[in-house]
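# Secondary and tertiary structure notes
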Amino acid sequence: MVKSLIKGLGILVLGTSLYGANSLDKVKIFTENYPPYNMEVNGKLKGISVDILDAMLKHIDTKLTIDNVKLQPWARGYKIVLKKKNTMLFSTTRTAQREKLFKWVGPIISTKIGIIAPKAKHITIKNLKELNNYKIGAVINDIGEQLLEANGVAKSHIDSVGGKNPVVLNFQKMGKGRIDMFAYETNVAMYGAKSYQIDSNEFEVVYILKEGELYYAFNKNTDDKIIKAYQKALDTIKKDGTYTKILQKHK
């Protein structure tokens, strides 16, 4: 009788453990080229957010590794994670507008979304209303586009693009005079320009739309146990010094 009870309890515990592990294994993770936070280099994912996630996964009861992360254009990944349970997208700026659309793990690191313009144009922006005097480039479903719309910039003044290299495309458009400015994360924009031999010194940040923080964004129907597991892993690497070492590595 006792042996049967112990055996039954063992099966129950094992089953619970396997269920937890399997649910964590089912998470599908998406990212985009968003250097220096996440980017593809010689077929491998690199960057601050990638290294942090890699360290986190080692503290989570899952078989997933960075090799399981899928690189997608931002707009595509964003739509997938909005609709499908047990999916995650990074690096995602957490905003009031997005708050209820996702479940959040973070913060990863601070971020600035600004307006970038060619220095030669000598553009000065004193308030948001003045943005309607210009044609502004953005990336589809990116925080830059969303902030422009939320702050009253007319859609006719926003020229949004998607694809694999939207940052480069926006810089090229500025160079050809097809747009006046570009709304995007400032570090990522300048890093992207340099990566494609565009002289970032010819451009400047003329206005800051938002200062915030980057997060790992999960579909809102994802099990809270999964969210807690990822958050606990991030908190752990912040406490044990791993997080700080990763940031120092990328300075």
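About the criteria used
- Residues numbered from 1 in each chain as written.
- Predicted model: local features only at pLDDT ≥ 70, side-chain atom pairs only at ≥ 80, totals over all residues.
- Heavy atoms only, no water.
- Helix = DSSP H or I, 4+ residues; strand = E, 2+ residues; numbered from the N terminus.
- Contact = heavy atoms within 4.5 Å.
- Areas by Shrake-Rupley, 256 points an atom, 1.4 Å probe, with all protein chains shown as cover.
- Phe/Tyr/Trp six-rings, centres within 6.5 Å; stacked < 30°, edge-to-face > 60°.
- Buried < 20%, exposed > 50% of the residue type's maximum accessible area, 1.4 Å probe, protein only.
- Axes fitted to C-alpha atoms, helices over the stretch in contact; angles between N-to-C directions.
- Parallel < 35°, antiparallel > 145°, perpendicular 65-115°, else oblique.
- Left-handed = near helix turned anticlockwise from the far one by under 90°.
- Pairing = 2+ DSSP bridges.
- 1 Å grid on protein atoms, 1.4 Å probe; cavity = no way out; pocket = protein on both sides within 12 Å on 5 of 7 lines; lining within 4 Å.
- Points joined across faces, edges and corners; volume = space filled by probe spheres on them.
- Salt bridge = Lys/Arg side-chain N within 4 Å of Asp/Glu carboxyl O.
- Core = buried A, V, L, I, M, F, W, Y, C linked by side-chain atoms within 4.5 Å.
- Nonpolar A, V, L, I, M, F, W, Y, C, P; charged D, E, K, R; others polar.

## Considerations on the overall build of the chain
When helices and strands are counted, the chain shows 8 helices and 10 strands. Principal-axis analysis of the C-alpha atoms gives the chain an extent of 85 × 35 × 30 Å. Sequence separation of 24 or more characterises 74% of the internal contacts of the chain that already satisfy a separation of 6 or more. Carbon and sulfur atoms form 52% of the exposed surface of the chain, whose accessible area is close to 13,300 Å².

## What to know about the packing of aromatic side chains
Here the distance between the centres and the angle between the planes together describe a pair of aromatic rings. Taken as a whole, this structure holds 11 aromatic pairs when the rule is applied. Note on Tyr 34 and Tyr 37: the rings are 5.9 Å apart at their centroids and 35° apart in plane angle, and the pair reads as tilted. For the residue pair Tyr 34 and Tyr 37, the accessibility class agrees, reading buried in each case. An angle of 65° between the planes, with centres 5.1 Å apart, marks the rings of Phe 218 and Tyr 230 as edge-to-face. Here Phe 218 is found in strand 10 (residues 203-219), whereas its partner Tyr 230 is found in helix 7 (residues 224-239), with 12 residues between them in sequence.

## Describing the packing of helix 2 (residues 48-57) against helix 8 (residues 242-249)
A pair of packed helices is captured by two measures, namely the crossing angle of their axes and the spacing between those axes. Interhelical geometry of helix 2 versus helix 8 gives an angle of 155° and a closest axis separation of 10 Å. By the angle between their axes, helix 2 is roughly antiparallel relative to helix 8. As for how helix 2 packs across helix 8, the hand of that crossing is right-handed. Together, Ile 48, Asp 51, Ile 52 and Ala 55 of helix 2 and Thr 242, Tyr 243, Ile 246, Leu 247 and Lys 249 of helix 8 make up the contact between the two elements.

## Brief notes about the sheet that holds strand 8 (residues 158-161)
The 8 strands lie next to each other as 4-1-5-10-6-9-7-8, forming an open sheet whose pairing is mixed. The sheet is open, and its two borders are formed by strand 4 (70-71) and strand 8, each paired with just one other strand.

## Considering empty space enclosed by the protein
Gaps between atoms show up when a probe of the same size as a water molecule is rolled over them. Under the defined criterion, the tally for this structure stands at 1 cavity of 30 Å³ or more. When its volume is computed, the largest cavity comes out at roughly 40 Å³. In terms of lining residues, the largest cavity is bounded by Glu 32, Tyr 34, Trp 74, Ser 91, Thr 92, Thr 93, Arg 98, Asp 142 and Ile 143. No other element matches the 3 residues that strand 5 (residues 87-93) contributes to the lining of the largest cavity.

## Looking at the pattern of salt bridges
The full count for this structure, using the stated rule, is 7 salt bridges. A salt bridge links Asp 54 to Lys 58; the shortest N-O distance between them is 3.8 Å. On the basis of relative accessibility, which here comes to 28%, the residue Asp 54 falls in the partly exposed class. The exposed category is assigned to Lys 58, whose relative accessible area is 66%. Two residues, Asp 159 and Lys 173, come together in a salt bridge whose shortest N-O distance is 3.1 Å. Linking Asp 159 in strand 8 with Lys 173 in helix 5 (residues 166-175), this pair joins segments that are 14 residues apart in sequence.

## Observations regarding the nonpolar core
By size, the foremost hydrophobic cluster in this structure holds 48 residues, and its most contacted members are Ile 52, Leu 53, Met 56, Phe 171, Tyr 216 and Tyr 230. When residues of this core are assigned to their parent elements, the largest contribution, 7 residues, is made by helix 2.

## What to know about the layout of surface pockets
Empty space within the largest pocket amounts to approximately 300 Å³. Taken together, 14 residues line the largest pocket, and the ones lying closest to its centre are Asn 33, Pro 35, Asn 165, Ser 195 and Tyr 196. Elements with a minimum of two residues in the lining of the largest pocket: strand 2 (39-41), helix 5 and helix 6 (186-195). Broken down by class, the residue content of the lining of the largest pocket amounts to 8 nonpolar, 4 polar and 2 charged.

On their own, these measurements won't tell you what the molecule is for.
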